[in-house]
Amino acid sequence: MEKNFQEEEFARVIKFTPPLYKQRYQFIKDLVEKYKPKKVADLGCADCRLLWMLKFCSCIEVLAGLDITASVMKEKMHTLSPLPFDYLQPSERSLTVTLHHGSVAHKDPCMLGFDLVTCIELIEHLEESELKKFPEVVFGFMAPSIVVISTPNSEFNPLLPGVVLHRHPDHKFEWNQAQFQSWALGAARCYDYSVEFTGVGHPPKGMENVGFCTQIGVFFRNYPQTTGSVQYEKPTQAVYKTVFKAVYPSLKDEKYLRNAVVSEVIFIAQNIKHHLMSKHEEYDDDPERKSEFQPSVDCFSDCLGKLVVDKTTEPFVNGNQVYIPLATIFSFPKVNQLCGTFEKLCKLIAGKVPLSSDGSAVVFNTEHE
């Protein structure tokens, strides 16, 4: 009787900060930051909030979501689209985000080759027949390096206000710690994985035996994946329907790389021109100093002064034209980083930037931009 009264008291005051769903997503994000997977799939992605958070992880190049309810995905899938900033400042990495409509009880070749598969609060929504097929699909067919499965811990339910049987009306079951661990260990043994148990949502002090509110199993594949290990099980045709796909602009795409390099070259050249012309005008206004004018590193910023090491790379004015050697522009760190080689710089800006007749310098008119 005393225990029941104590649990009722906890139920009135228990509150998770941050909210439990954010703790689950943060757990995944921390795992991603630790193991650096390039390809991540979220099964039961629902409103795509986890996918949205993961798209900002720089190591991820492929994100995929799967859910049985297409309408929920479609309502929020716009949050996964590139923003104008992504086109203005393309990332060095490539990123493709795809959403599929289908069941985790079915196999589809589009789900092969992933490093990490997450199943957050999913299995408790599965019918018995679907749950039976689930391990074969995820561990046997998809066979990612890491699988994360979270599910409610029924032992925690008495501490939650308003929970009588299950936390959600669509839940087909909710396991206690022993039941979940028994199922997880069985799946791990069958498909040669090891599993570690943890969770989020700590119980109140003095009730640690209840366990986490959300229990989590992190599965690690014990053997390296090979093409042959999954090839024989590959379905002959796709069974999922793709409802969304976004390919983010990337500097790995030559089109976006060229735009970035051209913009940077013009920006640097314009700045050098302004430095040069302002100094030139100072000498024009002072007849006594006009004869002393010769382009030198003193005409430009400190950064340019450090980069120009010989006369052949110094910008100069000839008549009504300003010449900024490409060798000088290539010396700037960002251009050097983007292009890698001087030859690639020349190739990327060909036809996009006004150059001298021999192609060795950017040329601007002194009278206008």
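- Looking at an unreviewed UniProt entry, one finds the protein chain named Small RNA 2'-O-methyltransferase and attributed to Neopipo cinnamomea.
- UniProt annotates the protein chain under Sequence similarities (unreviewed entry) with the comment "Belongs to the methyltransferase superfamily. HEN1 family."
- Regarding the protein chain, the UniProt comment filed under Catalytic activity (unreviewed entry) reads as follows: "small RNA 3'-end nucleotide + S-adenosyl-L-methionine = small RNA 3'-end 2'-O-methylnucleotide + S-adenosyl-L-homocysteine + H(+)".

### Quick look at the pairing of strand β4 (residues 116–120)
Remember that side chains alternate between the two faces of the sheet whenever the strand is regular.
Link 1 in the chain: Most of β4 is tucked away, with five of its five residues classed as buried.
Link 2 in the chain: Here β4 shows no split at all, with L116, T118 and I120 on one side and V117 and C119 on the other all buried.
Link 3 in the chain: Alignment of strand β1 (residues 39–43) against β4, held across three bridges, turns out to be parallel. Residue V40 lies in a different strand from β4, and its bridge partner there is L116.
Link 4 in the chain: Note that the unit made of β4, helix α6 (residues 128–142) and strand β5 (residues 146–152) has a crossover that is right-handed.

### Quick notes on helix α7 (residues 177–190)
Link 1 in the chain: Along its 14 residues, α7 runs 20 Å from first to last C-alpha, staying within 8% of the 20 Å computed at 1.5 Å per residue.
Link 2 in the chain: Within the sequence span of α7, burial applies to F180, W183, A184, A187 and A188. The buried residues of α7 all sit within an arc of 130 degrees when viewed along its axis, so they share a single face. Opposite the packed face of α7, turned more than 90 degrees from it, sit the exposed residues A178, R189 and C190.
Link 3 in the chain: Along its buried surface, α7 packs onto α6, β5, β6 (193–200) and β7 (214–221).
Link 4 in the chain: The opening residue of α7, the one whose side-chain oxygen lies 3.1 Å from the backbone nitrogen of A178, is N176.
Link 5 in the chain: One or two residues past the end of α7 sits D192, with phi positive at roughly 60 degrees.

### Some words on the side chain of T214
Link 1 in the chain: In this fold, T214 is placed in strand β7.
Link 2 in the chain: In this structure T214 comes out as buried when scored by relative accessible area, which is 0%.
Link 3 in the chain: Only 2.9 Å separates the side chain of T214 from the side chain of R24, close enough to count as a polar contact.
Link 4 in the chain: In contact with T214, not counting residues within four places along its chain, are L20, R24, E121, S150, T151, T198, G199 and V200.

Each value, and the rule that gives it
Residues numbered from 1 in each chain as written. Predicted model: local features only at pLDDT ≥ 70, side-chain atom pairs only at ≥ 80, totals over all residues. Heavy atoms only, no water. UniProt positions renumbered as here; feature names shortened; annotations may be inferred. Buried < 20%, exposed > 50% of the residue type's maximum accessible area, 1.4 Å probe, protein only. Helix = DSSP H or I, 4+ residues; strand = E, 2+ residues; numbered from the N terminus. Pairing = 2+ DSSP bridges. Right-handed = clockwise from strand over helix to strand, strands pointing away. Expected span 1.5 Å × (residues − 1). Arc of directions from axis to C-beta. Contact = heavy atoms within 4.5 Å. Polar contact = N/O pair within 3.5 Å; in protein donor to acceptor, adjacent residues only side chain to side chain.

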